[in-house]
Amino acid sequence: MAANQRMQLFRVKYSINYPSGKKWITEKEVYGITELGAKDVVYWVHSNRDISIISVKPLGQYTPAIYGDNHTVGER
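Residues numbered from 1 in each chain as written. Predicted model: local features only at pLDDT ≥ 70, side-chain atom pairs only at ≥ 80, totals over all residues. Heavy atoms only, no water.

1. Brief notes about the pattern of salt bridges
(1) Moving on: Enumeration over the complete set of coordinates arrives at two salt bridges.
(2) Moving on: With its nearest N and O atoms 2.6 Å apart, the salt bridge here joins Glu29 to Arg11. One end of the pair, Glu29, is in strand β2 (residues 23-32); the other, Arg11, is in strand β1 (residues 4-17), and 18 residues separate them in sequence.
(3) Moving on: The network of salt bridges with shared partners includes Arg11, Glu27 and Glu29. (Salt bridge = Lys/Arg side-chain N within 4 Å of Asp/Glu carboxyl O. Helix = DSSP H or I, 4+ residues; strand = E, 2+ residues; numbered from the N terminus.)

2. Details of a nonpolar patch on the surface
(1) Moving on: Judged by side-chain polarity, Trp44, Val45 and Val73 come together as a nonpolar surface patch covering roughly 290 Å² of accessible area.
(2) Moving on: Relative to the assigned elements, Trp44 resides in helix α1 (residues 35-45).
(3) Moving on: On the basis of relative accessible area, Trp44 is assigned to the exposed category, the value being 58%. (Patch = residues over 30% accessible without salt bridge, like charges linked within 9 Å, V, L, I, M, F, W, Y side chains within 5 Å. Areas by Shrake-Rupley, 256 points an atom, 1.4 Å probe, with all protein chains shown as cover. Buried < 20%, exposed > 50% of the residue type's maximum accessible area, 1.4 Å probe, protein only.)

3. Quick notes on α1
(1) Moving on: Taken as a whole, α1 has its buried residues at Gly37, Ala38, Val41 and Val42. Relative to the axis of α1, the buried residues are bounded by an arc of 145 degrees and lie together on one face. (Arc of directions from axis to C-beta.)

4. A short note on the confidence of the model for the protein chain
(1) Moving on: For the protein chain, the mean per-residue pLDDT works out to 86, and 82% of the residues sit at or above 70.
(2) Moving on: Model confidence for the protein chain, summarised as mean pLDDT per element, is weakest for strand β3 (residues 50-67) at 88 and strongest for β2 at 94. (pLDDT = per-residue confidence, 0-100.)

5. Some remarks on the packing of aromatic side chains
For any pair of aromatic rings, the description consists of the separation of the ring centres together with the inter-plane angle of the planes.
(1) Moving on: A complete count under the given rule lists zero aromatic pairs for this structure.
(2) Moving on: In this structure, Arg6 is placed above the aromatic ring of Tyr62, and the distance from its NZ or CZ to the ring centre is 4.1 Å. (Phe/Tyr/Trp six-rings, centres within 6.5 Å; stacked < 30°, edge-to-face > 60°. Lys NZ or Arg CZ within 6 Å of the ring centre and 35° of its normal.)

Structural data, given as structure tokens:
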């Protein structure tokens, strides 16, 4: 059984890379158990685009406790 964990709010800064060579840099706040889980959420939301993660910053806000099971985006 997985350990009882809390999801944390992260601010992920990333760039969307267009075929023309242009880049659009933006940020998104997402929940994840770890920084890797937060990156997975951004990759999943923009799965039809070429993106590069620039930085992941924890914001220190947490959800109530959950049981992580690796079956939900952000729980890796």
